[in-house]
There are 2 protein chains.
Amino acid sequence: MDKPYVVGIDIGGQTAKIGLVDARGNVLTQTAIVSNDTDDYKVFIKNLCDAVTKLVNKEYSMSQVRGIGIGAPNANFYKGTIENTVNLTWGGNGKLIIPFAEEMSKIIKLPVKLTNDANAAALGEMTYGVARGMKDFIMITLGTGVGSGIIVNGNLLYGHDANAGELGHVTMVRQNGRLCGCGKTGCLEAYCSATGVARTAREMLETSDRKSLLRNIPPESISSKDVFEAANQGDELAKEIFDFTGTMLGAALADFVAFSSPEAFVLFGGLTRSGDFIMKPVVDSLNRNVMPRWKNKIKVLFSQLKESDAAILGASALAWEV
Amino acid sequence: MDKPYVVGIDIGGQTAKIGLVDARGNVLTQTAIVSNDTDDYKVFIKNLCDAVTKLVNKEYSMSQVRGIGIGAPNANFYKGTIENTVNLTWGGNGKLIIPFAEEMSKIIKLPVKLTNDANAAALGEMTYGVARGMKDFIMITLGTGVGSGIIVNGNLLYGHDANAGELGHVTMVRQNGRLCGCGKTGCLEAYCSATGVARTAREMLETSDRKSLLRNIPPESISSKDVFEAANQGDELAKEIFDFTGTMLGAALADFVAFSSPEAFVLFGGLTRSGDFIMKPVVDSLNRNVMPRWKNKIKVLFSQLKESDAAILGASALAWEV
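What counts and how
As a convention, each chain's residues are numbered from 1 in the sequence order in which they are written. Naming scheme: in the order in which they are written, chains are lettered from A and ligands are numbered from 1. Side-chain atom pairs in this predicted model are given and counted only at pLDDT of 80 or more, local residue features only at pLDDT of at least 70, and totals for whole chains, interfaces and linings cover all residues. The basis for the side-chain values is all heavy atoms of the structure; hydrogens and waters are excluded. Only protein chains enter the calculation, and the probe is 1.4 Å; a residue is then buried if its accessible area is under 20% of its type maximum, exposed if over 50%, and partly exposed in between. Counting from the N terminus, the helices are the DSSP runs of H or I reaching at least four residues and the strands are the DSSP runs of E reaching at least two. Pairing between two strands is assigned when DSSP locates at least 2 bridges connecting them. Here the copies are matched by least squares. The fit uses the C-alpha atoms of residues with pLDDT of at least 70 in both. Throughout, a contact is declared for two residues whenever any of their heavy atoms are within 4.5 Å. Ring geometry is summarised as follows: Phe, Tyr and Trp rings, the Trp one being its six-membered ring, pair when their centres sit within 6.5 Å, and such pairs are stacked at plane angles under 30 degrees, edge-to-face over 60 and tilted between the two. For a lysine, the NZ atom is tested; for an arginine, the CZ atom; a charge sits over a ring if that atom is within 6 Å of the ring centre and within 35 degrees of the ring normal. Values labelled buried area give the accessible surface lost by two parts on being combined, using a 1.4 Å probe and summing over both. A carboxyl oxygen of Asp or Glu within 4 Å of a side-chain nitrogen of Lys or Arg is what we treat as a salt bridge. Whenever a nitrogen or oxygen atom comes within 3.5 Å of another N or O atom, the pair is scored as a polar contact, on the condition that within protein one atom can donate a hydrogen and the other can accept it, and that pairs from neighbouring residues in sequence are kept only if both atoms are in side chains. Note that Gly is not counted as nonpolar here; it falls among the polar residues with everything else outside the nonpolar set of Ala, Val, Leu, Ile, Met, Phe, Trp, Tyr, Cys and Pro and the charged set of Asp, Glu, Lys and Arg.

### Some words on the pairing of strand β1 (residues 5-11) of chain A
Residues and elements named next belong to chain A.
Line of reasoning, step 1. Of all seven residues in β1, seven are buried; the element is thus mostly enclosed.
Line of reasoning, step 2. When β1 meets strand β4 (residues 65-71), the two strands line up parallel, connected through five bridges. The residue of β4 that forms the bridge with I9 is I70.
Line of reasoning, step 3. Here six bridges tie β1 to strand β2 (residues 15-21), and the two strands are oriented antiparallel to one another. Paired with V7 across the bridge in β2 is L20.

### Section: the relation of the copies chain A and chain B
Line of reasoning, step 1. The transformation that overlays chain A on chain B combines an axial shift of 0.0 Å with a rotation of 180°, and the residual RMSD is 0.1 Å. The superposition of one copy onto the other is thereby described by a two-fold rotation axis. Minimal C-alpha distance to the rotation axis in chain A is attained by A:F259, lying at 4.1 Å.
Line of reasoning, step 2. Looking at the interface residues of chain A, 100% of them are also at the interface in chain B, so both copies use one shared face.

### Considering the sheet that holds strand β6 (residues 81-83) of chain B
All names here are of chain B.
Line of reasoning, step 1. Taking strand neighbours across the sheet as the criterion, the three strands line up as β5-β6-β7 in an open arrangement whose pairing is antiparallel. Two strands in the sheet have a free side with no partner beyond their single neighbour: β5 (75-76) and β7 (97-98).
Line of reasoning, step 2. In terms of strand pairing, β6 meets β7 through two bridges, oriented antiparallel. Looking across to β7, one finds that I82 is bridged to I98.

### Some points on the packing of aromatic side chains
Line of reasoning, step 1. Considering all chains together, one arrives at 23 aromatic pairs over all chains under this definition.
Line of reasoning, step 2. Seen in terms of ring centroids, B:Y5 and B:Y60 are 5.3 Å apart; in terms of plane orientation they differ by 80°. Their pairing is edge-to-face. Highlighted residues: B:Y5 in strand β1 (residues 5-11) and B:Y60 in the loop between α1 (41-59) and β4 (65-71), separated in sequence by 55 residues.
Line of reasoning, step 3. Site record: aromatic cluster; members linked through ring pairs are A:F256, A:F259, B:F256 and B:F259.
Line of reasoning, step 4. Above the face of the A:W294 ring, A:R293 is positioned so that its terminal group lies 5.4 Å from the ring centre.

### Describing the interface of chain A and chain B
Line of reasoning, step 1. Tallying the contact residues gives 36 residues for chain A and 36 residues for chain B.
Line of reasoning, step 2. For the pair chain A and chain B, the summed buried area comes to about 3100 Å², and 57% of that belongs to carbon and sulfur atoms.
Line of reasoning, step 3. When the buried area of chain A at its contact with chain B is split by residue, A:H160, A:R174 and A:F259 rank highest and sum to 24% of it.
Line of reasoning, step 4. Taken together, the connections running from chain A to chain B amount to four salt bridges.
Line of reasoning, step 5. A salt bridge links A:R174 to B:D255, with the nearest nitrogen and oxygen atoms 2.9 Å apart.
Line of reasoning, step 6. Summed over the shared surface of chain A and chain B, the number is 20 residue pairs in polar contact (both at pLDDT 80 or more).
Line of reasoning, step 7. When residues of the side of chain A that touches chain B are traced back to their parent elements, those giving at least two are β10 (146-152) and α7 (236-260) of chain A.
Line of reasoning, step 8. At six residues, α7(A) tops the list of elements feeding residues into the side of chain A that touches chain B.
Line of reasoning, step 9. Taken together, the residues of the side of chain A that touches chain B sort by class into 19 nonpolar, nine polar and eight charged.

Here it is in structure tokens:
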């Protein structure tokens, strides 16, 4: 292969991480630049191109790079655009459609592809991770929100408008559900994200007077990590919080099985650090809620990508397809 | 095109309908044979081949036929098999995997493809119907049960095991839900099928003493058609039954949008004869329950295929792909 490498870029609100990646998923070299020091996307793209070129040329050569894959908020894969985002200083306050791939490609003279973070994670898992060889699986990212990337017959499911895979926003609680950041109520994300776990903790503490290590923490600053640590010390209430969370997530996964009949779910992100506390109720609930034909047949796996590399790897996976 | 026609076959528990179809979706000639007069699938396949050959050769020629598409219960598209069905006398009482496509193809010397009824309906709609030109849409069949065929990027979504698209069995009522034929409780199908509508009617009549034309019918024999006729005569309770049904169906569709972001839903089957009584609450509820980005953007359409031809057309659509 005369072009053995790809570049993966993860654009976030504060920084953009850049890595050079080989076909086995080794991040050969990486760097980061700030992403919030300009309100002009052209300036940011120029800075990004400079940083990529500098990084690659230090020990490798741009002529060895096959293409560039980018994970970014509000990215539209079909159009290569970043659309109406409020999370980036150069996003035009939600009122701009940025032809990101085209502009960057013009400068850096390489194919550039964009997708959102959860889709990138799914591609990363299929290309380098625990889903290697799978053609049908669903990636669920359990971080501040709940994201998803759906692989169908070896390809990402983008849907009519490239916005498919918003599984964090299926409705799990149809009456008096929690308000979600998306404006709806009762969304999966409002319960099964890291912030959802913290909300559950506060609710459970408020509505009972049971003993719990979590009472030593001011309610408003309880995090999902605190809940994990308490569970780890045998705290019953903390364990129940994970049971509640995992049971709901498993029920949601059962509905997703009815949709696309995946071989596996791959769970990724902060909450997965809670290990069996979350995995066990997820698997139990999934198998209680699927149609009989699928009982005990759908794998639920944790991602095997190193969390620090995963965003770069996921984005880079896009570039093998150019 | 030297092979301008395809054969579509719809295998049901009592009869198998056979039609010769052109590329515009005209059923040129059709017939039917009984499907429950033998317990030996080889006999049935032989009878079917004879009937196809006889039908085609009357006015056309087998040499003009490109291939054969079949819609059948428990059909596995990947393997061309009918698996473990209890709905066919020659199905081995649910304990047989029948290599249907292979056996039939051997006799009739043409490619044979199988899929289930709802998938066939989706293909029919994409090939000849209201979804022509669409690459992402979801077919929902509202008959005795609730079936679905999901088109993603121009292809049927089959999933890991060819069983994807069981949207009638997502859980809509998580507590004290109705028992569904699949063994689960709270499934969409238990509420939004024709039989679900009849159940809702009985429940509403039992739990109130409101006036209704439906009280003139013995409860156990109320059908969805009765409810439609009552609604048509201005019966308030009957209209509420459709509101309840459509509202739940719309909420389910909103979750499906989060999954695959379709351009449209196509509704098919007995319940669609109720027209606006069902369509209006579906559309209202869909738009109330989707994420803001999709509000008022997803079409909900009734199938335009003639109901008497639809099963043959759907099955025949499979054969253009051979």
